[in-house]
There are 2 protein chains.
Amino acid sequence: MDKLFFDLRATHNPHRWYMPLSNAVCVGPPGNMFMFGGVGLGAAVAAMERTCGRPVVWATAQYLSYAKPPSVVDLDVWTPVQGKYNTQARVVGHVHDREIFTVNAALGERPSELSRQWLEMPDAPKPGDCEPAEHWRGGGEGLHSRIEVRVAKGRYGADRNGQPEPDGRSLLWIRPREGFAVDAPMLAIMADFVPSGVGNALGRNAGGNSLDNTLRIRRIVPTEWVLCDIRIHGVHGGFAHGAMYLFAEDGELMATASQSLIVRIRERADER
Amino acid sequence: MDKLFFDLRATHNPHRWYMPLSNAVCVGPPGNMFMFGGVGLGAAVAAMERTCGRPVVWATAQYLSYAKPPSVVDLDVWTPVQGKYNTQARVVGHVHDREIFTVNAALGERPSELSRQWLEMPDAPKPGDCEPAEHWRGGGEGLHSRIEVRVAKGRYGADRNGQPEPDGRSLLWIRPREGFAVDAPMLAIMADFVPSGVGNALGRNAGGNSLDNTLRIRRIVPTEWVLCDIRIHGVHGGFAHGAMYLFAEDGELMATASQSLIVRIRERADER
């Protein structure tokens, strides 16, 4: 198994894992940082794959509460159904007795010749030809300092105000700066960049709080960069819904993702 | 609240509901019918909305086991987080002590002027101008006899073999035959028509067993028919991943849905 972006540790019990939090897996303003949602899903995916010895096919995280560094997240893996080819699993992430997230998932691999993708990679300039994007809050020492983003379409960061993207779409090339492999946990982290598309779609300094993070893995192939095709489908009643398609550099559709979130408009600089 | 498509009953405990199963909410071959997955998600959505007094924003069902008529499904609603505007909820559906599904969800409505959709309804002939579609197994007395489907693009039913749809897409107009309102539980049932798109995309008599059913509700408006834009994104390793966009007749994007499923190819007539 590849080296992980976060500090997931085994215990005497193969169904039980824990992850000490440092700023390196957190986001938010200095002094008030919290675990990035995608790290919660990613850690759950890594824990399940190691407990079950099978690859994740689908996983959905429900986010219930925030975890702040330096607390330690306990991840308990439950496997209510274990079949010949599939496992249906659940991971509860908690700090002390407070639930932070629950992930429901299916893992497995079946004998099948069928391998097709109907979604083609959109045209995009190569990562080296795209401008590096700075996170609107600045990298600092948090998670965003460890993830490199290049913008192939749309806007990311601070220059979104007044410039809405008519089709609600953005194309980001994303890679981990420290050379970690692009595996299922890394795709889970990238999938939680859907909220960055809300500001781009609205043309406002907006983002949001994820209610969930849903990841569907088709086929992972070696790649350095991942092209994340983010679509914001709609907003209403204070919530936004969006999706992401994740392609390898060679055009392979590796995964799809979706999420719903609470929309937050940051009108003032100190809210950003 | 509108009259429901299924027989959800209240108890003395507002967090506890039950649903006796009849063939009318089931699918599958005669003598071996089982509850349609979308009915499980729909019943959970209806139970949560009634328990919490708030509309569902997002809900994901994890399917663990089958429920057969005439068993009774108990639905227990848990609300781990209840905020000023949002509730985060969970519904466990079980028969006796056997878990059939778990639904994780968020409910609520926030004060917000923002109402936008970036996804436009695709061009499609009106329902009256589309051919009525027969389910490949025939309606019988099951759920498919109660849901009317008209095909605006792609193939549905028995004529898919050898005729793959190059873009993996199908457009179905769907309505309940008995005049039930199109509400969140009804959209949950329609969302579970994603597997019908797999046979259309592959050009095989294929379908699948849902691992999950994920529904995101943007805004529900009065409509008789719903245009279901089904996209199969890819298959690999025996699993398929797809999505659906659900539009009202006036073009309003009411909801989006997605799911992953085990692909089943039915080569022989008796497997169909």
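Predicted model, so just to flag it, every value in this text is computed and none were measured. Counting from 1, residues in each chain are numbered in the order their sequence is written. Throughout, the order in which chains and ligands are written sets their labels, letters from A for the former and numbers from 1 for the latter. Per-residue local features are limited, in this predicted model, to residues with pLDDT of at least 70; the limit for side-chain atom pairs, both in listing and counting, is 80 or more; totals at the level of whole chains, interfaces and linings are taken over all residues. Note that water and hydrogens are dropped before the side-chain values are worked out from all heavy atoms of the structure.

Colleague: It is not clear to me how the overall build of chain A should be interpreted in this structure. Could you clarify?
Modeller: The secondary structure listing takes helices from DSSP runs of H or I that are at least 4 residues long and strands from runs of E that are at least 2 residues long, numbered from the N terminus. Counting its regular elements, chain A contains 3 helices and 17 strands. Based on C-alpha atoms, the radius of gyration is set beside the globule rule, defined as 2.2 Å times the residue count to the power 0.38. Rg of the C-alpha trace for chain A: 18 Å, near the compact-globule value of 19 Å for 272 residues, within the 12% margin. Expressed as a percentage of contacts within chain A between residues at least 6 apart in sequence, the contacts between residues at least 24 apart total 67%. Only carbon and sulfur atoms are counted for the fraction: they give 48% of the accessible area of chain A, which is about 10400 Å². Here a residue-residue contact requires only that any non-hydrogen atoms of the pair lie within 4.5 Å. Only the protein chains shown count as covering a residue, and every accessible area follows the Shrake-Rupley method with a 1.4 Å probe.

Colleague: Even after reading the chapter, I still don't get the relation of the copies chain B and chain A, so can you show me in this structure?
Modeller: Between the two chain copies there is a screw-like relation: a rotation about an axis and a shift along it. To line up the copies, we fit them by least squares on C-alpha atoms, keeping just the residues with pLDDT of at least 70 in both. Each copy of the sequence occupies a distinct position, and chain B is placed on chain A by a rotation of 180 degrees and an axial shift of 0.0 Å, giving an RMSD of 0.0 Å. What the rotation and shift describe, once combined, is the action of a two-fold rotation axis. Comparing interface residues between copies, 100% of those in chain B also lie at the interface in chain A; the contact surface is shared.

Colleague: For this particular structure, what's the right way to read the domain arrangement of chain A?
Modeller: When the parts come together, some accessible area is lost, and that loss is often what is quoted as the size of the interface. Residue and element names in this part refer to chain A. An automatic or database domain assignment provides the domain bounds reported here. The domain boundaries assigned to chain A delineate domain 1 (9–108) and domain 2 (133–271). Taken together, both faces of the contact between domain 1 and domain 2 bury some 1800 Å²; the carbon and sulfur share is 59%. By definition, the buried area sums, over both parts, the 1.4 Å-probe accessible area that each loses when the two are put together. The three residues of domain 1 that bury the most area against domain 2 are Ala-24, Phe-36 and Tyr-63, which together make up 26% of that side's buried surface. Elements that contribute at least two residues to the side of domain 1 that touches domain 2 include exactly strand 3 (26–27), helix 1 (37–52) and strand 5 (56–63). Three categories are distinguished: nonpolar for Ala, Val, Leu, Ile, Met, Phe, Trp, Tyr, Cys and Pro, charged for Asp, Glu, Lys and Arg, and polar for the others, with Gly belonging to the last. Tallied by class, the residues present in the side of domain 1 that touches domain 2 amount to 18 nonpolar, 7 polar and 1 charged.

Colleague: Hey, could you run me through the nonpolar core in this one?
Modeller: The nonpolar side chains of soluble globular proteins are, as a tendency, buried together. Ranked by size, the top nonpolar core spans 79 residues in total, and within it Phe6(B), Leu8(B), Met19(B), Met48(B), Leu75(B) and Val103(B) carry the most contacts. Looking at this core element by element, the count peaks at 8 residues for helix 1 (residues 37–52) of chain B. In this structure, this core is formed jointly by two domains, domain 1 (9–108) and domain 2 (130–271) of chain B, each of which donates at least three residues. For Leu8(B), the contacting residues outside a window of four places in its chain are Trp17(B), Tyr18(B), Met19(B), Ala43(B), Ala46(B), Ala47(B) and Leu75(B). Val73(A), Ala89(A), Met186(A) and Ala188(A) belong to the second largest nonpolar core, which has 78 residues in total. Nine residue types can take part in a nonpolar core, namely buried Ala, Val, Leu, Ile, Met, Phe, Trp, Tyr and Cys, and a core is a set of them joined through side-chain atoms within 4.5 Å. When accessible area is computed with a 1.4 Å probe and restricted to protein chains, residues below 20% of their type maximum are described as buried, those above 50% as exposed, and intermediate ones as partly exposed.

Colleague: Which parts of the structure should I look at to understand the interface of chain B and chain A?
Modeller: Facing 61 residues of chain B, the contacting portion of chain A comprises 61 residues. Summed over both sides, the interface of chain B with chain A buries roughly 4900 Å², with 58% coming from carbon and sulfur. Its largest share of buried area at the contact with chain A, chain B owes to Trp118(B), Arg216(B) and His233(B), together 16% of the area lost on that side. We define a salt bridge as a side-chain nitrogen of Lys or Arg found within 4 Å of a carboxyl oxygen belonging to Asp or Glu. There are 4 salt bridges connecting chain B and chain A. Across the salt bridge formed by Asp212(A) and Arg216(B), the nearest N and O atoms sit 2.8 Å from each other. Polar contact is the term for a pair of N or O atoms within 3.5 Å; when the atoms are in protein, one must be able to donate a hydrogen and the other to accept it, and sequence-neighboring residues count only if both atoms are side-chain atoms. For the pair chain B and chain A, the interface holds 33 residue pairs in polar contact (both at pLDDT 80 or more). Broken down by class, the residue content of the side of chain B that touches chain A amounts to 26 nonpolar, 22 polar and 13 charged. By the bridge criterion, 2 bridges tie strand 9 (residues 116–117) of chain A to strand 15 (residues 226–236) of chain B in an arrangement that is antiparallel. For Gln117(A), the partnering residue across the bridge sits in strand 15 of chain B and is Gly234(B). Pairing between two strands is assigned when DSSP locates at least 2 bridges connecting them.

Colleague: Explanation requested: the environment of Gly28(B) in the structure shown.
Modeller: Mapped onto the fold, Gly28(B) is located in the loop between strand 3 (26–27) and strand 4 (34–35). The exposure class of Gly28(B) is buried, given its relative accessible area of 11%.

Colleague: Can you walk me through unusual backbone geometry in this structure?
Modeller: The phi angle of most residues is negative, glycine excepted, and most peptide bonds adopt the trans form. All names here are of chain A. The peptide bond linking Pro-69 to Pro-70 adopts the cis configuration, its omega dihedral lying at 5 degrees. Considering the arrangement of structural elements, one finds Pro-70 in the loop between strand 5 and strand 6 (72–82). Positioned with a positive phi, His-96 is a non-glycine residue whose angle comes to about 55 degrees. Mapped onto the fold, His-96 is located in the loop between strand 7 (86–95) and strand 8 (98–108). Since its relative accessible area comes to 69%, His-96 is described here as exposed.

Colleague: I would appreciate a short explanation of the packing of aromatic side chains in the present structure.
Modeller: The geometry of an aromatic ring pair is captured by the separation of the ring centres together with the interplanar angle, meaning the angle of the planes. Only rings of Phe, Tyr and Trp enter the pairing, Trp through its six-membered ring, and a pair is recorded when the two centres are within 6.5 Å. The plane angle decides the type: under 30 degrees is stacked, over 60 is edge-to-face, the rest tilted. Within this structure, the stated rule accounts for 6 aromatic pairs over all chains. Ring centres of Phe34(A) and Tyr66(A) lie 4.9 Å apart, and the angle between their planes is 70 degrees; on these two criteria the pair is classed as edge-to-face. Linking Phe34(A) in strand 4 (residues 34–35) with Tyr66(A) in the loop between strand 5 and strand 6, this pair joins segments that are 32 residues apart in sequence. Since its relative accessible area comes to 22%, Phe34(A) is described here as partly exposed. On the numbers, 5.7 Å between centres and 65 degrees between planes, the contact of Phe36(B) with Phe193(B) is edge-to-face. Of the two residues, Phe36(B) is situated in the loop between strand 4 and helix 1 and Phe193(B) in the loop between helix 2 (184–191) and helix 3 (196–202); the sequence distance between them amounts to 157 residues.

Colleague: What should I look at first to understand the pattern of salt bridges in this one?
Modeller: Close approach of charged atoms allows side chains of opposite charge to pair. Tallied over the entire structure, the rule returns 30 salt bridges over all chains. Salt-bridge contacts for Arg16(B) lead to Asp76(B); the nearest nitrogen and oxygen are separated by 3.5 Å. Here Asp76(B) lies in strand 6 (residues 72–82) and Arg16(B) lies in strand 2 (residues 16–20), a separation of 60 residues in the sequence. On the basis of relative accessibility, which here comes to 10%, the residue Asp76(B) falls in the buried class. Residues joined by salt bridges that share partners form a network here, namely Glu148(A), Arg150(A), Arg175(A), Arg177(A) and Glu224(A).

Colleague: I tried to follow the environment of Arg98(A) on my own but got confused; where do I start?
Modeller: Residues and elements named next belong to chain A. Positionally, Arg-98 belongs in strand 8. Owing to a relative accessible area of 38%, Arg-98 belongs among the partly exposed residues under this scheme. Spatially, the C-alpha atoms of Arg-98 and Val-73 are 9.7 Å apart, while their sequence positions differ by 25 residues. In contact with Arg-98, other than residues within four places in its own chain, are Ser-65, Tyr-66 and Gly-93.

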